[in-house]
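Given next are the chains, with one letter for each unit.
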Amino acid sequence: MRPLWHITRLMWRAGPWAMWRGAAAALAVLVMGTALLGLSGWFITAAGAAGIAGVGIAFDVFRPSAGVRFLALGRAGARYAERLLTHDTTLRALASLRLAVLEQLEQRPIASLRQLRSGAGLNRIIADVDALDGLLLRLVLPVIAGLLTHLGALALIWWLAGAQIALSLSVGYLVGSGLVLWRAAKSAVAPSVEAETARQTLRHDVIGLLRGRRDVIVQGLLPKTRIEIDAAEAQATSAERHLSRIDERTALRLSLVVTLCTAAALALGQLAVRAGTIDAATAAIGVFVALALAETVLPLRRGLADLGRMHSAARRLLRDGTTGHPTALSPITPDTSRGLTVTDLTVARPGRQVAVSAPLSLTLHPGDVVALAGPSGHGKSTLLDALAGLTNPLSGQVILAGIPLSDWPETQLRDCLTLVPQRTSLIGGTVRENLALSVDTLTDGAAWAALQTVCMTDVIARVGGLDGVLGEAGSGLSGGEARRLALARAVLRAPKVLLLDEPTEGLDDALARDVLAGLKKALPECAILMAAHRPAETEFATRTISVKRHITKTEYI
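These numbers come from a predicted model, not from an experiment. (Residues numbered from 1 in each chain as written. Predicted model: local features only at pLDDT ≥ 70, side-chain atom pairs only at ≥ 80, totals over all residues. Heavy atoms only, no water.)

Q: Could you give me a rundown of the pattern of salt bridges, with the residues and numbers involved?
A: Per the stated rule, a full pass over the model turns up 21 salt bridges. Glu-240 is the partner of Arg-199 in a salt bridge, and the nearest nitrogen-oxygen pair spans 2.9 Å. With Arg-199 in helix H7 (residues 163-211) and Glu-240 in helix H9 (residues 222-275), this pair connects stretches of sequence that are 41 residues apart. Residues participating in the shared-partner salt-bridge network are Arg-138, Glu-196, Arg-199, Glu-240, Asp-306 and Arg-309. (Salt bridge = Lys/Arg side-chain N within 4 Å of Asp/Glu carboxyl O. Helix = DSSP H or I, 4+ residues; strand = E, 2+ residues; numbered from the N terminus.)

Written out as structure tokens, the structure reads:
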């Protein structure tokens, strides 16, 4: 349970005051409910006893009835406050948890982050965070409020009705309910994990079918896909039915515990009344409090049913991220008159230690346009990742504006250097929102100027202007249009160094030349280094450097 404890601490630290408010509201609901039932039981029994004794006319009904009304109204108000505060607490905690997950993911290698762009990876992270929404609502806060309520009930019953009734309730509830809930939690772990896995498989298969329905139909894979979806649904349904049976058995056993505790309170109260130590009305308090304490244990069934799911989610979130934080670098003062200097740089593909290309050395001055040329697989994209500070090279040195790349604070580095990779990253939303990702403040004039730079004004006007809505991952634009929108976003950043990975892929030659000319005109002092495959790119460059594949000794021999 260590992952759950760690996640609980992260969520609690997100807003301790909000957590304690939620716990106090949950405690108020249980305390007022217990007090309401105990007072009502005493009131009814005492009034009946007074009537039998013939002194009913003298019995004070006003103060007990006022107490009953106060507790009833107070419980209703406390319930509303509890719902409001605990949900507010949970939303705050989940928001903080999402930020913590993003901070952890930010430290992962770029190759690992690129894998997360798949639907399965992102859905897994989102589902894991969402799975923890019940950790506070259905486990942590109810357990805290329940234990405190039991302590208060123990003290009150001990004072009013005696130690025997108080201890019988405490031992019966804590031991009996504890064993039942522990057994339920142990039985629910496996089916809970199975149900969540099946749900994720079902979601992934359905989304994949919806996105690729044309290819599935054309290739004749629809029957096979339907069978896989039906199998995932059947597995999820079977696991959920298993959980329902466990929940029903747990509810039955907890009800039996409540019944036995109530019977014990009734029997011990009857003995105490016969012994003359307490009266019947006081004995009734123990019986009704025993019934009221059921509210402290019965709601825990829901949280325990999801315990396996929450534990697996917490473990994955802690495993996938890193617990440390990068060392904060001091601000630097770069020499913007100097560009990029690369000396004997060698790089390897992610997860390997073998150089993919021969050592690279170059000097990029402000205003230069240099093309890295060479066949696919020679490491041009890997070199650009290293030059952007996204991966560590095997050897060599990169100096940007007179300062080693490793000494640059992240924020300052991104203000100075921008990389536009092969695979563009757009979001579902308006064109304005996609462009605004690159700058803190975006004006309409700056947005249209950047779009004009990459020859996109007509395309954006066609989709509805800056407020035109793009689909998920920028759907609604062709591959070349999406790439140009990403280039416009880079133009808005006005970097000192711009790294481009095949920037004109998907464009015809005339349009490719116009886009490159627009980039140079908009960023005349920017040093541009691009991985080039097309003649339009190499012809536009003022200098071309050939990237050669690294040859091992075995290949040489």
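Q: Talk me through the pairing of strand S3 (residues 369-373); I want residue IDs and the actual numbers.
A: Burial analysis of S3 places five of its five residues in the buried class, which makes it a mostly covered element. Alternating positions in S3 separate into two faces, Val-369, Ala-371 and Ala-373 on one and Val-370 and Leu-372 on the other, with burial throughout. Relative to strand S10 (residues 527-532), S3 runs parallel, the two sharing five bridges. Across the sheet, the residue bridging to Ala-371 is Met-530, located in S10. The sheet contact formed by S3 and strand S11 (residues 543-546) spans four bridges and is parallel. For Ala-373, the partnering residue across the bridge sits in S11 and is Ser-546. (Buried < 20%, exposed > 50% of the residue type's maximum accessible area, 1.4 Å probe, protein only. Pairing = 2+ DSSP bridges.)

Q: Can you explain the pairing of strand S9 (residues 497-501)? Please cite residues and give values.
A: Within S9, five of the five residues are buried, which leaves the element mostly enclosed by the surrounding structure. What you see with S9 is no split at all: Val-497, Leu-499 and Asp-501 on one side and Leu-498 and Leu-500 on the other are buried throughout. Bridge count for strand S6 (residues 417-420) against S9 is four bridges, and the pairing is parallel. Within the sheet, the bridge partner assigned to Thr-418 lies in S9 and is Leu-498. Where S9 lies against S10, five bridges are found, and the strand directions are parallel. Counted as the bridge partner of Leu-499 is Leu-529 from S10. Handedness of the crossover joining S9 and S10 through helix H19 (residues 509-522) is recorded here as right-handed. (Right-handed = clockwise from strand over helix to strand, strands pointing away.)

Q: Break down the sheet that holds S11 for me, citing the residues and quoting the values.
A: The five strands are arranged S6-S9-S10-S3-S11 in an open sheet whose pairing can be described as parallel. Since the sheet does not close on itself, it has two edges, and those belong to S6 and S11, each with one partner. Direction aside, neighbouring strands of the sheet carry axes that sit 15° apart on average. (Axes fitted to C-alpha atoms, helices over the stretch in contact; angles between N-to-C directions.)

Q: Give a detailed account of the nonpolar core, specifying residues and quantitative values.
A: Ile-7, Met-11, Leu-97, Leu-132, Leu-135, Ile-157 and Leu-169 are the most contacted members of the largest nonpolar core, which totals 54 residues. By residue number, the principal contributor to this core is helix H6 (residues 133-161), which donates eight residues. Excluding anything up to four places from it in sequence, Leu-135 contacts Leu-4, Ile-7, Thr-8, Met-11, Val-140 and Met-310. Counting 39 residues, the second-largest nonpolar core is a separate cluster that includes Leu-435, Val-459, Leu-523 and Ala-532. (Core = buried A, V, L, I, M, F, W, Y, C linked by side-chain atoms within 4.5 Å. Contact = heavy atoms within 4.5 Å.)

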